[in-house]
Amino acid sequence: MKNKEIKILLASPRGFCAGVDRAIEIVKKSITKYGAPIYVRHEIVHNKHVVESLKKIGAIFVEELSEIKDKTRPVIFSAHGVPKVVPDEAKNLKMDYIDATCPLVSKVHREAENLNKSGYHVLLIGHKNHPEVVGTMGQIPEGTIDLIENIADVKNFKKKENKKLAFVTQTTLSVDDTKDIINALKEKFSDIKEPKKEDICYATTNRQAAVKKIAPNCEMFFVIGSRNSSNSARLVEVAKKSGCEKSELIFYGKKAPLEKIKNCKTIGLSSGASAPEELVQNFISEIKKTMKVSIEEVITANEKVVFKLPKELN
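Summarised in this report is the structure supplied together with it. (Residues numbered from 1 in each chain as written. Predicted model: local features only at pLDDT ≥ 70, side-chain atom pairs only at ≥ 80, totals over all residues. Heavy atoms only, no water.)

Moving on, we come to the pattern of salt bridges. Evaluated as defined, the whole model comprises 22 salt bridges. Here K29 and E25 are joined by a salt bridge, their closest N and O atoms 3.4 Å apart. Within this pair, K29 and its partner E25 are both found in helix α1 (residues 18-34), separated by four residues, close to a single helical turn. Residue E25 is classed as partly exposed on the basis of its relative accessible area, which comes to 31%. Members of the salt-bridge network, linked through shared partners, are R14, E277 and E297. (Salt bridge = Lys/Arg side-chain N within 4 Å of Asp/Glu carboxyl O. Helix = DSSP H or I, 4+ residues; strand = E, 2+ residues; numbered from the N terminus. Buried < 20%, exposed > 50% of the residue type's maximum accessible area, 1.4 Å probe, protein only.)

Attention shifts here to the sheet that holds strand β8 (residues 164-169). Taking strand neighbours across the sheet as the criterion, the three strands line up as β7-β6-β8 in an open arrangement whose pairing is parallel. The two strands at the open ends of the sheet, each matched to only one other strand, are β7 (145-148) and β8. When strand polarity is set aside, the average angle formed by the axes of neighbouring strands in this sheet is 30°. When strand β6 (residues 120-125) meets β8, the two strands line up parallel, connected through six bridges. (Pairing = 2+ DSSP bridges. Axes fitted to C-alpha atoms, helices over the stretch in contact; angles between N-to-C directions.)

Under the 1.5 Å per step criterion, the end-to-end length of α1 is 24 Å for 17 residues, consistent within 8% with the ideal 24 Å. Within α1, burial applies to A18, G19, V20, R22, A23, I24, I26, V27, S30 and I31. Of the residues trailing α1, G35 is marked for its positive phi of about 80°. (Expected span 1.5 Å × (residues − 1).)

Another point: the nonpolar core. By size, the foremost hydrophobic cluster in this structure holds 25 residues, and its most contacted members are V27, I44, V45, L54 and I76. Secondary-structure elements contributing two or more residues to this core are α1, β2 (38-41), α2 (48-56) and β3 (59-62). In terms of residue count, α1 provides more of this core than any other element does, six residues in total. When near neighbours in sequence (up to four residues on either side) are disregarded, V27 contacts V40, I44, L54, A59 and I76. (Core = buried A, V, L, I, M, F, W, Y, C linked by side-chain atoms within 4.5 Å. Contact = heavy atoms within 4.5 Å.)

Aromatic ring pairs are reported here in terms of the distance separating the ring centres and the angle at which the planes meet. Scanning the entire structure with this criterion turns up three aromatic pairs. Plain terms: the ring middles of F77 and Y97 are 4.9 Å apart, the flat faces sit at 25° to each other, and that makes the pair stacked. Residue F77 is located in strand β4 (residues 75-77), and its partner Y97 is located in strand β5 (residues 97-99); the two are separated by 20 residues in the primary sequence. Residue classification places Y97 among the partly exposed positions, given a relative accessible area of 26%. Arranged with centres 5.3 Å apart and planes meeting at 50°, the rings of F222 and F283 form a pair that is tilted. (Phe/Tyr/Trp six-rings, centres within 6.5 Å; stacked < 30°, edge-to-face > 60°.)

Moving on, we come to helix α11 (residues 277-288). With twelve residues, α11 ought to run about 16 Å at 1.5 Å a step, and its terminal C-alpha atoms sit 17 Å apart, in line with that. Among the residues making up α11, those that are buried are L279, V280, F283, I284 and I287. End-on, the buried residues of α11 take up no more than an arc of 140°, which puts them together on one face. (Arc of directions from axis to C-beta.)

Let us now look at the side chain of Q139. Residue placement: Q139 occurs in the loop between α5 (131-137) and β7. On the basis of relative accessibility, which here comes to 8%, the residue Q139 falls in the buried class. Only 3.4 Å separates the side chain of Q139 from the side chain of H109, close enough to count as a polar contact. The contact partners of Q139, leaving out residues within four places of it in the chain, are V82, P83, K84, H109, R110 and E113. (Polar contact = N/O pair within 3.5 Å; in protein donor to acceptor, adjacent residues only side chain to side chain.)

Listed below in structure tokens is the structure:
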């Protein structure tokens, strides 16, 4: 009996951003142009559903170029970006490669390079071992860039030599947490150079703003996304900090916690920038099987950003 009524506040924007759209399109177009298999270094975007669907049409995912058996096949670099040694290695192996790095991540790469050329020591605000961070740190020589993960790292950082300092950030961070770290850096190093335009990408900012608006009005909040997706994990944190303690990530294979949902009048729902809309709709369908559902879409921004494909695929 569907006598229980529940309201879903659906965040908009949610789901795919322009960089993810472009990366997935690059894999599909490459398979059409070059035939299968196509190799992809690292998950093209952090979403199991996307990766599995691309495997079905001929994408083979590897972590390193050395794992690729047939070096005559093209390889695609993921949307998170790669250190400079990776394209160099591809050239040495005489492999064709297509770079699916998100243009907003490439912008941070160029910033780091230009700062390095101008004699700055670069601080990168980000999460250790995230592929985007590995890629950005790999744009400039070791020892010329340091990672700052939190305010404690700011306190412990000691200026090396007499170099000017500058910072850049990972594109998928929590807007509020990053602001606190930046303030701590500016307080400690009053002359630190900051990016002309902030590095956190428009999609991260917009998705967090939508969650912030909805979360205070919900008893539970759900984010559809992968466990290794930085932007999805940040959305869960933002929902908790905005007043919805019971916020959780719904990742590949995790079922909707219907028993908990039944105890709510209103829940919030969003999805990370690499999660397909189909997964959001599947989640809603699951709830509809046992409850009456009304949906209110809460729109906080309209996104019209589109990124061009690399010239070799146009």
